[in-house]
Amino acid sequence: MQVKRLQFLFLSFLLLKNPSLAQSLNDDGQDVKRSHFPDGFIFGTSTSSYQVEGAYIEDGKGLNNWDVFSHIPGNIKNNDNGDIADNHYYRFLEDIELMSSLGTNAYRFSISWARILPRGKFGQVNPRGIMFYNKLIDNLLERGMEPFVTIHHHDIPQELVDRYGGWLSPLMQEDFVYFAETCFKSFGDRIKNWITMNEPNLLVDMSYIRGWYPPAHCSPPFGNCSAGNSDIEPPIAMHNMILGHAKAVKLYREHFQLEQGGYIGIVGFTEYFEPLRDSELDRQAVRRALAFTNAWLFDAVVFGDYPAEMRLYLGSALPTFSLEETCYLKGSLDFIGMNFYTSLYAKDCIHSACISGGDRPIRGFVYTTGERDGEPIGGRCGNPRFFVVPEGMEKIVNYMKERYNNMPMFVTENGFSPPQQNDQVQALLQDTSRVNFHKSYLAALARAIRNGANVRGYFVWSLVDNFEWIDGYSLRYGLYYVDRQTLERVPKLSAKWYKKFLANGSSNHNNEEDFTIRSFRNTNAMILGSEASKAAI
């Protein structure tokens, strides 16, 4: 007790000497409670099909683009793949039990396109794929959890890639609508919340600018892929996805929504930006970065056209919508889904010299980075492009509220993977940094809601450690640790915290004084002991 008292007195002294530290601790979410959120607020967890299901060639499923891409040596860290992943296909009942034990009231998952339509519209519907998702949905509802279903989450049947190049072809629009219709017919009597696509804006960046995701298209200065044009292809692929989304929404509204009584939206990858320097040029760069990252998607589906900033700088490289397309595109969503993890700095590249890449029209002539004068914008994460910036949550929600007339919003992903992970299981289970992350971001979200933001729910990414795309299993976002040999799920400290938060309406630790001291130590160590940043965004 004497040691703890001395620790507490030392912390108090530091706070008196450093008011900014006191403010940061006051704002880090230590006192966030479930009661700070509106009645009926959704708290859930998220996954996606390729990242957790496994069973990649079982029960009639066809190959998808990630099955093929991940089997090419060197594409994925440690040559990992999703052949087995978390074996959710066979262990979904166990995973539903985990969700139920947490006390969540929703689960966001995606449907494997190649499991339902192994050859797209060129083949038959796979009845065993339909059966799997029926069982998943029915068991979720029996346990009192609302399914939030993403139709397309990065994976597409390989047949559609081979036939016409995937999303670079307008033919993909109709193939996606056919897939969506199959889902509406098969599951729509029980699904009340549909998401057409996950992060099309991130997908075009990773697939057609950087070349990190299939089909691995890129060109200098962004990369040296065997095919692709990083300046031309991204707007084409994005255009096809946006029109595919709008046509699927049109179909749903005309033929299913009235009878089934559901809602439909889309999820975008969102980031917030701060000016690198206190200058008008960098403040303008922030506005362009927000447009090229967030508004590229949401302006199109809300207002029926791309942002003016994109029209100005991309010119004829940015496709146009016909009057008919604009008509069914405008307002083609009932809610906004936001995946939010990080904030970055933005630097003007029109009037200043920039590192190659930021000085291109496809980036809006903006260079983005997580560092200023060698200091990170926030705590480090396992993904070198992500930083812990809780206030960014409040700012991005306010930005979306103001730009899109405060239409209903869900935070469909938010999560943390620690840097420099210790692979000792006990260290992975004592994930205090993840607890602090969610508490601080939830506190920021609660502030935005108190200020009038129409946010309806929050989904933790992720329920379990899973296949994190090109990073394989090296990044761990899960509330549950997954043993890669046995696939056993083990709750981390964050799972226990989330359960207590949801059950008791408070996130306070059993020993609040001791927990606060440990949190301060972790935060201080994160700031003082961080390594030099990897390549800037």
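All of these numbers come straight from a predicted model, not from anything done at the bench.

Attention now goes to helix H18 (residues 432–450). For H18, which comprises 19 residues, the first-to-last C-alpha distance of 27 Å matches the rise-based estimate of 27 Å (1.5 Å per residue) to within 8%. Of all 19 residues that make up H18, 16 are buried, and the element is covered over most of its length. In the segment just after H18, Gly452 is the residue with positive phi, at about 105 degrees.

Within the structure shown, the criterion is met by 30 salt bridges. Across the salt bridge formed by Arg119 and Glu159, the nearest N and O atoms sit 3.0 Å from each other. Highlighted residues: Arg119 in strand S3 (residues 118–121) and Glu159 in helix H8 (residues 158–164), separated in sequence by 40 residues. For the salt bridge of Arg363 with Asp205, the shortest nitrogen-to-oxygen distance reads 3.1 Å. Remark: Asp205 occurs in helix H10 (residues 200–209) and Arg363 occurs in the loop between strand S7 (335–348) and strand S8 (366–369); sequence separation between them is 158 residues. Salt bridges sharing common partners tie together Asp278, Glu280, Arg283 and Arg287.

What follows concerns the side chain of Ser494. Among the structural elements, Ser494 can be located in helix H19 (residues 493–504). A polar side-chain atom of Ser494 sits 2.5 Å from a polar atom in the side chain of Asp431. Apart from residues lying up to four places away in sequence, Ser494 is in contact with Asp431, Arg434, Val435, Gly478 and Leu479.

Another point: the state of the cysteines. Using the criterion set out here, one finds two disulfides in the structure. Between the sulfur atoms of Cys218 and its disulfide partner Cys225 the distance amounts to 1.9 Å. In this structure the cystine formed by Cys218 and Cys225 twists about its S-S bond by roughly 105 degrees; its chirality is therefore right-handed. Each disulfide pairs two cysteine sulfurs, and for Cys349 the partner residue is Cys354, the sulfurs being separated by 2.0 Å.

For the rest of this paragraph, the subject is the UniProt feature "active site" (unreviewed entry) in the protein. Under the present numbering, the feature "active site" (unreviewed entry) in UniProt falls on Glu413. Among the secondary structure elements, Glu413 is positioned in strand S13 (residues 409–414). Excluding its chain neighbours within four sequence positions, the residues that come into contact with Glu413 are Ser46, Arg108, His153, Asn198, Glu199, Met338, Asn339, Phe340, Tyr341, Phe459 and Trp461. Within the local environment of Glu413, its side chain forms a polar contact with the side chain of Arg108, the two groups lying 3.2 Å apart.

Look at any regular strand and the pattern is simple: side chains alternate between the two faces of the sheet. Extensive coverage of strand S5 (residues 193–198) is indicated by the burial of six of its six residues. Across four bridges, the pairing between strand S4 (residues 146–152) and S5 is parallel. Each bridged residue has a counterpart across the sheet, and for Thr150 the counterpart in S5 is Ile195. The pairing of S5 with strand S6 (residues 263–275) spans four bridges and is parallel. Along S6, the bridge assignment pairs Asn193 with Tyr263.

A few words now on the packing of aromatic side chains. Tallied over the full model, the rule gives 44 aromatic pairs. Ring centres of Trp66 and Trp469 lie 4.6 Å apart, and the angle between their planes is 50 degrees; on these two criteria the pair is classed as tilted. In this pair, Trp66 sits in helix H4 (residues 65–70) while Trp469 sits in the loop between strand S14 (455–461) and strand S15 (480–482), placing the two residues 403 residues apart along the sequence. Under the relative-accessibility criterion, Trp66 is labelled buried at 0%. Its relative accessible area of 7% is what places Trp469 among the buried residues. Cation over ring: Arg163 sits above Phe122, and NZ or CZ is 3.7 Å from the ring centre.

Attention now goes to the nonpolar core. Where a protein is soluble and globular, its nonpolar side chains tend to be buried together. Leu445 and Tyr458 are the most contacted members of the largest nonpolar core, which has 150 residues in total. Here this core gets 13 residues from one element, more than from any other, and that element is helix H13 (residues 280–303). Filtering out sequence-adjacent residues up to four positions away, Tyr458 remains in contact with Phe41, Ile42, Phe43, Gly44, Met393, Val411, Asn414, His438, Tyr441, Leu442, Leu445 and Tyr498. If you look at the next biggest cluster of nonpolar residues, it comprises eight residues, including Ile42, Phe335, Phe410 and Phe459.

Further remarks concern the environment of Gln260. If you trace the backbone, Gln260 turns up in helix H12 (residues 257–260). Judged by relative accessible area, Gln260 falls into the buried class, the value being 12%. Through-space distance from the C-alpha of Gln260 to that of Ile191 is 8.1 Å; in sequence the pair is 69 residues apart. Excluding residues that lie within four positions of it along the chain, Gln260 makes contacts with Phe184, Gly188, Asp189, Lys192, Trp194 and Tyr252.

Let's shift gears to empty space enclosed by the protein. Tallied over the full model, the rule gives four cavities of 30 Å³ or more. Size it by volume and the largest cavity reaches roughly 300 Å³. Taken together, 21 residues make up the lining of the largest cavity; nearest its centre are Leu202, Tyr213, Phe386, Glu468 and Trp469. The space that makes up the second largest cavity amounts to roughly 60 Å³. Every residue along the wall of the second largest cavity is listed here: Asp465, Asn466, Tyr473, Leu475, Arg476, Tyr481, Val482 and Arg484. The residue inventory of the lining of the second largest cavity, partitioned by class, reads four nonpolar, one polar and three charged.

Parameters at a glance
Residues numbered from 1 in each chain as written. Predicted model: local features only at pLDDT ≥ 70, side-chain atom pairs only at ≥ 80, totals over all residues. Heavy atoms only, no water. Helix = DSSP H or I, 4+ residues; strand = E, 2+ residues; numbered from the N terminus. Expected span 1.5 Å × (residues − 1). Buried < 20%, exposed > 50% of the residue type's maximum accessible area, 1.4 Å probe, protein only. Salt bridge = Lys/Arg side-chain N within 4 Å of Asp/Glu carboxyl O. Polar contact = N/O pair within 3.5 Å; in protein donor to acceptor, adjacent residues only side chain to side chain. Contact = heavy atoms within 4.5 Å. Disulfide = S-S within 2.5 Å. UniProt positions renumbered as here; feature names shortened; annotations may be inferred. Pairing = 2+ DSSP bridges. Phe/Tyr/Trp six-rings, centres within 6.5 Å; stacked < 30°, edge-to-face > 60°. Lys NZ or Arg CZ within 6 Å of the ring centre and 35° of its normal. Core = buried A, V, L, I, M, F, W, Y, C linked by side-chain atoms within 4.5 Å. 1 Å grid on protein atoms, 1.4 Å probe; cavity = no way out; pocket = protein on both sides within 12 Å on 5 of 7 lines; lining within 4 Å. Points joined across faces, edges and corners; volume = space filled by probe spheres on them. Nonpolar A, V, L, I, M, F, W, Y, C, P; charged D, E, K, R; others polar.

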